[in-house]
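# Structural overview
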Amino acid sequence: MTDWVVGLAGWSGSGKTTLLAKLLARLKGDGIHASVIKRAHHDFTVDQPGKDSHTFRQAGAHEVCVASRRRRVLMREIDEEPSLEELLAWLAPCDVVFVEGFKREQHSKLAISADTQWPDVPGIKALIGTRAPPQTSLPFFHRDAVEDIAAWLYEHRRAFSW
């Protein structure tokens, strides 16, 4: 479990994944252990047709675990979407968890593509995009200013407590 949870809110194609990859690399350079939870709004698979894991899952296995000496993946068939709290408890302990999706949850978030207003999304702490929206009291960062975003996250870490 972690006590530092940073949400990312933004439409598909807004640059969430690109920004998060840059932030992950930047924080890893500081020795920060980060994990990611990403909500998918559609059926998805991490295994591919023709692979044993896919065959087992298609045949009806409730769980399929694939492991090597470097990583493991556990796929579990479920009947309802787990809550953010359940997913956070499922992760191994780390320094920070980035959450993509779950925008209606109450955790603190960064709004990506700040040229879009986010009045109906709870917990927005800062805006990130290519141009600052007019008339906002929230901090704004250009999406390429990864150093500034990371520094701001460190400075405001308590605002992202879980």
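Just above, that's the structure.
The residue numbers shown here count from 1 along each chain, following its written sequence. At least 70 in pLDDT is required for a residue's local features to be given in this predicted model, at least 80 for side-chain atom pairs to be given and counted, and no such filter applies to totals for whole chains, interfaces and linings, which use all residues. Computation of side-chain values: all heavy atoms of the structure, hydrogens and water removed.

## Re helix H1 (residues 16–29)
The cut-off we apply is this: Helix numbering and strand numbering both begin at the N terminus, where a helix is a DSSP run of H or I of at least 4 residues and a strand a DSSP run of E of at least 2. Expected span, for any helix, means 1.5 Å times one less than how many residues it has. A simple rule labels every residue: compare its accessible area, found with a 1.4 Å probe on the protein chains alone, to the largest value its type can have, and call it buried under 20%, exposed over 50%, or partly exposed in between. This arc corresponds to the set of directions leading from the helix axis out to the C-beta atoms. Here a residue-residue contact requires only that any non-hydrogen atoms of the pair lie within 4.5 Å.
In a regular helix each residue adds 1.5 Å, so 14 residues correspond to 20 Å; H1 covers 20 Å between its end C-alpha atoms and thus fits that length. Those residues of H1 that sit buried are Lys16, Leu19, Leu20, Leu23 and Leu27. Looking down the long axis of H1, one finds its buried residues gathered within 95° of arc, a one-sided arrangement. Across from the buried face of H1, at angles greater than 90 degrees, the exposed residues are Thr17, Ala25, Lys28 and Gly29. On its buried side, H1 packs onto strand S1 (5–9), strand S2 (34–38), strand S5 (96–100), strand S6 (109–112), strand S7 (124–129) and helix H4 (146–155). Gly31 occupies a position one or two residues after H1 and carries a positive phi of about 85°.

## Looking at the sheet that holds strand S8 (residues 140–142)
What counts here: Strands are treated as partners if at least two bridges between them are detected by DSSP. With axes taken as lines fitted to C-alpha atoms, and helix axes fitted only over the stretch in contact, angles between N-to-C directions fall between 0 and 180 degrees.
Judged by pairing direction, the sheet is parallel, and its six strands sit side by side in the order S2-S5-S1-S6-S7-S8 without closing on themselves. Two strands bound the open sheet, and with one partner strand each, they are S2 and S8. Between one strand and the next, the sheet's axes are offset by a mean angle of 25°, whatever the strand orientation. Taken together, the four bridges between S1 and S5 define a ladder with parallel strand orientation. Among the inter-strand pairings, Val6 is bridged to a residue of S5, identified as Phe98. Of the strands in this sheet, S1, S5, S6, S7 and S8 touch H4, which is tilted by about 145° from S8.

Worth remembering: the numbers are spatial, not functional.
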